[in-house]
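Chain residues, written in single-letter form:
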Amino acid sequence: LGPIIRDYLVGHPEVLREAIEALDKHDKDVAQVERQKAVSDRAGPLFSSPCQANVGNPDGGATLVEFFDYNCHYCKGALPDIAKLMKDDPNLKVVLKDFPVLGPGSVEAAQVASAARNQLPGDRFWAFHTKLLGMHGPVGKSEALAVAKEMGLDMDRLAKDMANPQIQSGLQQIMSMADALQINGTPSFVV
């Protein structure tokens, strides 16, 4: 049977292309089902968690989750689009999840931002977020602290909050969630 199959495939190589395309479609369909299950299984912490910032309409009927890194060029480029979405749709809740994958500076900026959320509810955090994400050049601890100071945060409280183990735990939860959702870059969105 082997020689017959070989002769057929050599004589009709387009069958191999069709088989590869069918396998690729099958793999993509399976991956999509796995992602949907991962989102469904983690819907609670994905859409509502103490490890995130909520901006826009907190009671909105539509939710956009963004996994971002303060040093991500593409995240910086997406910022005006997210701002426009929130402006154009007053029913939109935006969930910001620090996903610091671009090095130690990103982790430091995420730690400062996570602690800053304790002092900056909703729109005030959005202002902090846009200032930090709008910076040119690398963003790390010193840049994030400068924005916090500029916005009038209590710097002693911020330092104390940054030392809280919940900050590191929260960032680790987001990293684990991103792994489960097969998110490997920024920005990444879940609607």
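Residues numbered from 1 in each chain as written. Predicted model: local features only at pLDDT ≥ 70, side-chain atom pairs only at ≥ 80, totals over all residues. Heavy atoms only, no water.

Asks: Explanation requested: the packing of aromatic side chains in the structure shown.
Replies: Where two aromatic rings form a pair, the distance of their centres and the angle of their planes describe that pair. Following the criterion strictly, the structure yields three aromatic pairs and no others. When the centroid spacing of 6.0 Å and the interplanar angle of 80° are considered together, the rings of Phe67 and Phe99 count as edge-to-face. Note that Phe67 is positioned in strand β2 (residues 62-68) and Phe99 in the loop between β3 (92-98) and α5 (104-116), a separation of 32 residues in sequence. Here Phe67 and Phe99 have matching classes, each one buried. Aromatic pair Phe68 and Tyr70: ring centres 4.9 Å apart, planes at 80°, arrangement edge-to-face. In terms of burial, Phe68 and Tyr70 fall into one category: buried. (Phe/Tyr/Trp six-rings, centres within 6.5 Å; stacked < 30°, edge-to-face > 60°. Helix = DSSP H or I, 4+ residues; strand = E, 2+ residues; numbered from the N terminus. Buried < 20%, exposed > 50% of the residue type's maximum accessible area, 1.4 Å probe, protein only.)

Asks: How should I be thinking about a nonpolar patch on the surface in this particular structure?
Replies: On the surface, Leu1, Ile4 and Ile5 cluster together into a nonpolar patch covering about 360 Å² of accessible area. On the secondary structure map, Ile5 appears in helix α1 (residues 2-11). Residue classification places Ile5 among the partly exposed positions, given a relative accessible area of 44%. (Patch = residues over 30% accessible without salt bridge, like charges linked within 9 Å, V, L, I, M, F, W, Y side chains within 5 Å. Areas by Shrake-Rupley, 256 points an atom, 1.4 Å probe, with all protein chains shown as cover. Salt bridge = Lys/Arg side-chain N within 4 Å of Asp/Glu carboxyl O.)

Asks: Looking at this structure, I do not really get the nonpolar core. What am I missing?
Replies: Soluble globular proteins tend to pack their nonpolar side chains together in the buried interior. Counting 33 residues, the largest nonpolar core has Tyr70, Leu96, Phe125, Phe128 and Leu158 as its most contacted members. Looking at this core, the elements with two or more residues in it are β1 (53-56), β2, α4 (73-88), β3, α5, α6 (122-133), α7 (141-150) and α8 (155-162). Non-local contacts of Phe128, meaning those with residues more than four positions away in its chain, are made with Tyr70, Val112, Ala113, Ala116, Leu120, Ala144, Val147, Ala148 and Met151. In terms of nonpolar packing, the next biggest core, distinct from the first, is built from 13 residues, Phe67, Val95, Phe99 and Leu181 among them. (Core = buried A, V, L, I, M, F, W, Y, C linked by side-chain atoms within 4.5 Å. Contact = heavy atoms within 4.5 Å.)

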